[in-house]
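Summary of structural features
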Amino acid sequence: MIFVGDGALLWRAVDHARRSGYAVDGVCTSVGGDRPPWAESVTVHETTDVNLLADELKAASTDGVVWSIDNRFLFRAPLLGTGLRIYNVHGGPLPQYRGLPLALVAHAILNGETEFAATLHEVDAGIDTGPVVDEERFPVEPDDVFEDVMLNLVEACHRLFVRAADAVAADRLPRGERRPGPGGYYGRRALTEFVRHRAHPNYVRATDLGMFEDFFPEAAAAWR
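Quick caveat: nothing in here was measured; it's all calculated off a predicted structure.

Quick look at the overall build of the chain now. Tallying secondary structure elements over the chain gives seven helices and nine strands in all. Compactness check: the chain gives a C-alpha radius of gyration of 17 Å against a globular reference of 17 Å for 224 residues, within 12% of the reference. Taken along the three principal axes of its C-alpha coordinates, the chain extends 55 × 40 × 30 Å. Burial status across the chain gives 51% buried among its 224 residues. Sequence-distant contacts in the chain: of pairs separated by 6 or more residues, those separated by 24 or more amount to 65%. For the chain, the computed accessible surface area is about 11100 Å², with 50% contributed by carbon and sulfur atoms. Here the chain holds 22 positive side-chain charges and 33 negative ones, and the gap between their average locations is 4 Å.

What follows is the structure in structure tokens.
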């Protein structure tokens, strides 16, 4: 297994894989990204563009699987043409909530969603547009704020990865299916324009970042 991404959720998945006896063939992260002390035993590639490592990753892979977790890199050629199976653990239900988890959670609360989900999908050339393989749903309570939903989403993402990793190891991961219906994309523009919803009755809940203020300081400052 090759892992691509950054942050605690990525390393939590890598740790699960190695403790479960799965081969960790390498981890691709941003330059200067944090890593746990035990990662010294893992081959780590720091890069500004994961696609530049296509040949190296193809040669290193022992099972043909790449996991994208908390990942900001966009997969493009030549990596998409290597034959590697790339799966993304996405922080939102698809196709309704494509984009950045920060924006997705905030808008889900603003939109009055009563449940949310982490989604596993095959990666194609689009952004969160590949066929859906699996989903982990959870309720959003009426008094939940951003911090509550994001904490639940993080746990849902990890549960989804664990289930899918075991399915890959047992060669029983199903093929993905494209879901019909209207899609929604919440990217950087959605973040910068979020203050326009300040008068919305759910705005305070949607911007109560709690412990996540340390992870998203720019949004915390802009949304106050």
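Turning next to the pattern of salt bridges. Following the criterion strictly, the structure yields 15 salt bridges and no others. Several salt bridges share partner residues, and in doing so they unite Glu115, Glu135, Arg137 and Arg179 into one network.

So, about the environment of Pro142. Looking at the secondary structure, you find Pro142 in the loop between strand S8 (132-139) and helix H4 (146-169). Taking the C-alpha atoms as reference points, Pro142 and Tyr203, 61 residues apart in sequence, are found 13 Å from one another.

Now for the pairing of strand S2 (residues 26-30). Note on strand geometry: in a regular strand, side chains alternate between the two faces of the sheet. With four of its five residues buried, S2 lies for the most part within the structure. Across three bridges, the pairing between strand S1 (residues 2-5) and S2 is parallel. In the sheet register, Ile2 faces S2, and the bridge partner there is Gly26. Read from S1 through helix H1 (residues 7-19) to S2, the crossover connection turns out right-handed. Pairing between S2 and strand S3 (residues 44-47): four bridges, direction parallel. Pairing of Cys28 across the sheet is with His45, part of S3.

The rules we used
- Residues numbered from 1 in each chain as written.
- Predicted model: local features only at pLDDT ≥ 70, side-chain atom pairs only at ≥ 80, totals over all residues.
- Heavy atoms only, no water.
- Helix = DSSP H or I, 4+ residues; strand = E, 2+ residues; numbered from the N terminus.
- Rg over C-alpha atoms; globule rule 2.2 N^0.38 Å.
- Buried < 20%, exposed > 50% of the residue type's maximum accessible area, 1.4 Å probe, protein only.
- Contact = heavy atoms within 4.5 Å.
- Areas by Shrake-Rupley, 256 points an atom, 1.4 Å probe, with all protein chains shown as cover.
- Lys, Arg positive; Asp, Glu negative; His and termini not counted.
- Charge placed at Lys NZ, Arg CZ, Asp CG, Glu CD.
- Salt bridge = Lys/Arg side-chain N within 4 Å of Asp/Glu carboxyl O.
- Pairing = 2+ DSSP bridges.
- Right-handed = clockwise from strand over helix to strand, strands pointing away.

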